[in-house]
Amino acid sequence: FEAMQGQGVFLAAELQEEMLRRFLTRLETYAEDPGYARVEVVRAKPDRLPLPDQCADRILLAQVYHEISDGPAYLRELYRLLSPGGRLCVLDWRPPSDDPTLAEDPAPMGPPFEHRIPEAKVCDALQSAGFRLLVSHAGFGQNWCLSAVR
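Just so you know, the residues in each chain are numbered from 1, in the order the chain's sequence is written. Given that this is a predicted model, residues contribute local features only at a pLDDT of at least 70 and side-chain atom pairs are listed and counted only at 80 or more, while totals for whole chains, interfaces and linings are drawn from all residues. The side-chain quantities take in all heavy atoms of the structure and omit both hydrogens and water.

Would you explain the nonpolar core in this entry?
If you look at soluble globular proteins, the nonpolar side chains tend to sit buried side by side. Among the nonpolar cores identified, the biggest contains 26 residues, and Leu61, Tyr65, Leu75, Leu78, Leu88, Val122 and Leu126 are the most heavily contacted of them. Helix and strand definitions here come from DSSP, where helices need a minimum of 4 consecutive H or I residues and strands a minimum of 2 consecutive E residues; each element is numbered from the N-terminal end. Listing elements by their share of this core, those giving two or more residues are β3 (56-62), α2 (71-81), β4 (82-93), α3 (119-128) and β6 (143-149). Considering each element in turn, this core owes the most residues, four residues, to α2. Ignoring anything within four residues of it in the chain, the contact list for tyrosine 65 reads Gly71, Pro72, Leu75, Val90, Asp92, Ile117, Val122 and Ala125. Definition used in this section: a nonpolar core is a set of buried Ala, Val, Leu, Ile, Met, Phe, Trp, Tyr and Cys residues joined via side-chain atoms within 4.5 Å. Relative accessibility decides the category of a residue: with a 1.4 Å probe and only protein chains considered, values under 20% of the type maximum give buried, values over 50% give exposed, and everything between is partly exposed. Whether two residues touch is decided by their heavy atoms; if any such pair falls within 4.5 Å, the residues are in contact.

Looking at this structure, how should I read the state of the cysteines?
To count as a disulfide, a pair of cysteine sulfur atoms needs to be within 2.5 Å. This model, assessed by the stated rule, comprises zero disulfides. This cysteine, cysteine 89, is not joined by any disulfide, and cysteine 145 carries the nearest cysteine sulfur, 3.5 Å off. Given a relative accessible area of 21%, cysteine 89 falls into the partly exposed group.

What is the right way to look at the pairing of strand β1 (residues 10-14) in this model?
Consecutive side chains along a regular strand alternate between the two faces of the sheet. We treat two strands as partners when DSSP finds at least two bridges between them. Summarising the sheet, β1 and strand β2 (residues 39-43) pair through five bridges and their orientation is parallel. In the strand pairing of β2, alanine 13 is matched with valine 42. The handedness of the β1 to β2 crossover, carried by helix α1 (residues 17-28), is right-handed. Convention used here: a crossover is right-handed provided that the path from the first strand, over the helix, to the second strand proceeds clockwise when the strands point away from the viewer.

Whenever I open this one, unusual backbone geometry confuses me. Can you help?
Trans peptide bonds make up the majority, and among non-glycine residues the majority have a negative phi. A positive phi angle is found at glutamine 54, which is not glycine, with a value near 50°. Along the chain, glutamine 54 turns up in the loop between β2 and β3. Overall, the relative accessible area of 41% leaves glutamine 54 in the partly exposed class.

Next up, the structure:
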């Protein structure tokens, strides 16, 4: 909210009903925060978000890309939502193919290894969806993080 200097709206979209309920419960703890009134929650669908074209300046897709049945199509949907010059950040779990030391962990965090998607595959999908200026961010431990621009 600080970066927006009191302008704009924060839209939170969630695919899973249970996670949406958890988010709303946690959001209530911020009721006294000045940005609280600027948060809107929408129920996402697996193939389309109920939002108009070019309505977002920033989108964060955090630890859910591996759950989306058609990731490349969903990235095209996010491209539709971003305004020109808008930024997308995708954060998700590393598979052992990206970091072999993960396979040595007796109790790894996150989803099963077979559900995880390699960073390079998502990078290719972002480019195919029309995104540019891809940046891979380091320092996320068991996660990879990519930024892209519409």
